[in-house]
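Each chain, letter by letter, is given below.
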Amino acid sequence: MLTLIVLTFISCKKENEKLQRTQVQEKVNDTIEISKKHKINKIICDLDGDKLNETIEIVRSKKSGKSGLRIVFGNGKRTDYFGMGNDILKQGFNEIDWAGIFEKAPKNETYWNNVNEEGDILSEEEIKESDKIKLLNDGIFLHAEESCGGGIIYLKNGKYEWIQQE
């Protein structure tokens, strides 16, 4: 009998947590919409290496009118947001309307920050091997079509990082 009561309590607690997550998600969904400005506004990739694909969408805040990213993890337990009026990884921008290219940066590829402190673009020969980053999992490649600037967002030890590209 005690086992039945404990199992019922645990089951109710899990259902309550699931309901709370759903209610929070519904509130967020009321304040954002999928960006119609971007030709491609959704990619699928495995950011965290758990073999479950994340869904990354370019979304727009209905309040600020600014765009950003919504990252829904494949396990359904986490959703992260970037931009929409909030600073993106301390890069000096708070929206991504400038991104004309939005695609997966494949795992096992090597990337590096190719802009120095003065803003000069560096060639591959100028980059030390120790500064090159081989992605262990997929990343998100954002790039401006005309001005050739952008970068890659990826997860490193559970934290988001940025690689500056041009």
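This write-up is about the structure you can find in this document. A quick note: this is a predicted structure, and the numbers were derived from the prediction, not measured.

Judged by pairing direction, the sheet is antiparallel, and its four strands sit side by side in the order β6-β9-β10-β11 without closing on themselves. Both outer strands of the open sheet, β6 (101-105) and β11 (159-165), are each paired with one neighbouring strand and no more. Across the sheet, the axes of successive neighbouring strands diverge by a mean angle of 20 degrees, strand direction being ignored. In this sheet, strand β10 (residues 150-156) lies alongside strand β9 (residues 139-143) in antiparallel orientation, the contact comprising four bridges. Counterpart to His 143 in the pairing with β10 is Gly 150.

Evaluated as defined, the whole model comprises three aromatic pairs. With 5.3 Å between their ring centres and 80 degrees between their planes, Phe 93 and Trp 98 make a pair best called edge-to-face. Relative to Trp 162, the ring of Phe 93 has its centre 5.6 Å away and its plane inclined at 65 degrees; by these criteria the two rings are edge-to-face. One end of the pair, Phe 93, is in the loop between β5 (79-83) and β6; the other, Trp 162, is in strand β11, and 69 residues separate them in sequence. Above the face of the Trp 112 ring, Lys 132 is positioned so that its terminal group lies 5.1 Å from the ring centre.

Let us now look at the pattern of salt bridges. Where charged atoms of side chains with opposite charge meet at close range, the side chains can pair. Counted according to the given criterion, the structure contains five salt bridges. Where Glu 124 meets Lys 132, a salt bridge forms, and the shortest distance between an N and an O atom there is 3.2 Å. Given the relative accessible area of 17%, Lys 132 is considered buried. The structure contains a network of salt bridges with shared partners spanning Glu 124, Glu 129 and Lys 132.

Here we take up the pairing of strand β3 (residues 54-61). The element β3 is extensively covered by neighbouring structure, given that seven of its eight residues are classed as buried. With three bridges joining them, strand β1 (residues 32-34) and β3 adopt antiparallel strand pairing. Looking across to β3, one finds that Ile 32 is bridged to Ser 61. In terms of strand pairing, strand β2 (residues 42-45) meets β3 through four bridges, oriented antiparallel. Paired with Lys 42 across the two strands is Glu 57, which belongs to β3. In the sheet, β3 pairs with strand β4 (residues 67-72) via six bridges, with the strands oriented antiparallel. Bridging across to β4, Arg 60 finds its partner in Ser 67. Two successive antiparallel strands, β3 and β4, enclose a turn made up of five residues, where Gly 65 displays a positive phi of approximately 75 degrees.

What counts and how
- Residues numbered from 1 in each chain as written.
- Predicted model: local features only at pLDDT ≥ 70, side-chain atom pairs only at ≥ 80, totals over all residues.
- Heavy atoms only, no water.
- Pairing = 2+ DSSP bridges.
- Helix = DSSP H or I, 4+ residues; strand = E, 2+ residues; numbered from the N terminus.
- Axes fitted to C-alpha atoms, helices over the stretch in contact; angles between N-to-C directions.
- Phe/Tyr/Trp six-rings, centres within 6.5 Å; stacked < 30°, edge-to-face > 60°.
- Lys NZ or Arg CZ within 6 Å of the ring centre and 35° of its normal.
- Salt bridge = Lys/Arg side-chain N within 4 Å of Asp/Glu carboxyl O.
- Buried < 20%, exposed > 50% of the residue type's maximum accessible area, 1.4 Å probe, protein only.

Everything listed here is a matter of geometry and, on its own, says nothing about what the molecule does.
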